[in-house]
Amino acid sequence: MIRLYDYELSGNCYKLRLLLHWLDVAYERVPVNFHPGREHRSRAFLQDINPLGQLPVLDDGEFRLRDAQACLVYLASQYDHAGHWYPDDARTRGTITMWLATADDLTRSIAAARQHYSFGLDADLARCEALAHATLRLLDDALAETQAASGQWLAATPRPSIADIACFPYAALAPEARIDLRRFPAVQAWIRDLRHWPGFIAMPGIFDPKL
Ligand SMILES: N[C@@H](CCC(=O)N[C@@H](CS)C(=O)NCC(=O)O)C(=O)O
């Protein structure tokens, strides 16, 4: 059985919960007391689970993987037999990988500022805000172009891909980092579309429109 080292409020952990749910793959959640326990920085966690002191971490039997984007690639490659989430086409995979890298800029900016406002952790807020705006601008321009061509998804796939899952949580959680999404209308439309994709599940701060 897959084990996910998980924290309910983490957008990076939520990416994996979303894909596992959409793939209908059973897994066990191993809750990590990120706040206030800071268990991810404990000696035991650093020694035995992830030397980077970060979540998520995924175990599939003996195989262990850290980094949400790496885990998305693994899960889609291993369990999505229809190939919907990580289509086997060179250009699409190149484009998806480009957005997987961009997802980390949303963690460095929006997640960091959100941790400051929610948990009181230190953050360089001016730097976070500048990087958040630059990254959301990149997303908004790309999505506006796709939407003008009647598409919806980041890698111009007919259905959402792991590129969308990787970038979605922290874009959607931007208001918790005091980033106003009204400047990014194409991003707002894409957030709405993903929330309406059949089988969507929520996390605190990102609501399920069906509920
Ligand atoms: N590149 C990593 C970043 C993961 C990351 O930063 N996760 C946050 C939780 S959302 C974390 O564990 N931060 C550790 C800390 O802030 O001490 C990934 O995508 O998984």
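Residues numbered from 1 in each chain as written. Predicted model: local features only at pLDDT ≥ 70, side-chain atom pairs only at ≥ 80, totals over all residues. Heavy atoms only, no water.

Asker: Can you tell me about the environment of Asp60, naming the residues and giving the values?
Answerer: Among the secondary structure elements, Asp60 is positioned in strand 3 (residues 57–60). Classification of Asp60 as buried rests on a relative accessible area of 18%. Distance in space between the C-alpha atoms of Asp60 and Leu75 is 9.6 Å, their sequence separation being 15 residues. Setting aside residues no more than four positions away along its own chain, Asp60 makes contact with Ile2, Tyr74 and Tyr79. (Helix = DSSP H or I, 4+ residues; strand = E, 2+ residues; numbered from the N terminus. Buried < 20%, exposed > 50% of the residue type's maximum accessible area, 1.4 Å probe, protein only. Contact = heavy atoms within 4.5 Å.)

Asker: Before we move on, could you go through the packing of aromatic side chains and cite the residues and values that matter?
Answerer: Inspection of every chain in the model, using the stated rule, returns nine aromatic pairs. One cation-aromatic arrangement involves Arg93 over Tyr86; the distance from NZ or CZ to the ring centre is 3.9 Å. Arg159 extends its terminal NZ or CZ atom over the ring of Trp85, reaching a point 6.0 Å from the ring centre. (Phe/Tyr/Trp six-rings, centres within 6.5 Å; stacked < 30°, edge-to-face > 60°. Lys NZ or Arg CZ within 6 Å of the ring centre and 35° of its normal.)

Asker: Any details on the pairing of strand 1 (residues 2–6)? Residues and values, ideally.
Answerer: Buried residues dominate strand 1, accounting for four of its five residues. Sheet analysis places strand 1 next to strand 2 (residues 27–31), joined by five bridges and oriented parallel. In the sheet register, Tyr5 faces strand 2, and the bridge partner there is Val30. Following the backbone out of strand 1, through helix 1 (residues 11–23) and into the adjacent parallel strand 2, one traces a crossover that is right-handed. Bridge count for strand 1 against strand 3 is four bridges, and the pairing is antiparallel. Following the sheet pairing, Leu4 is matched in strand 3 by Leu58. (Pairing = 2+ DSSP bridges. Right-handed = clockwise from strand over helix to strand, strands pointing away.)

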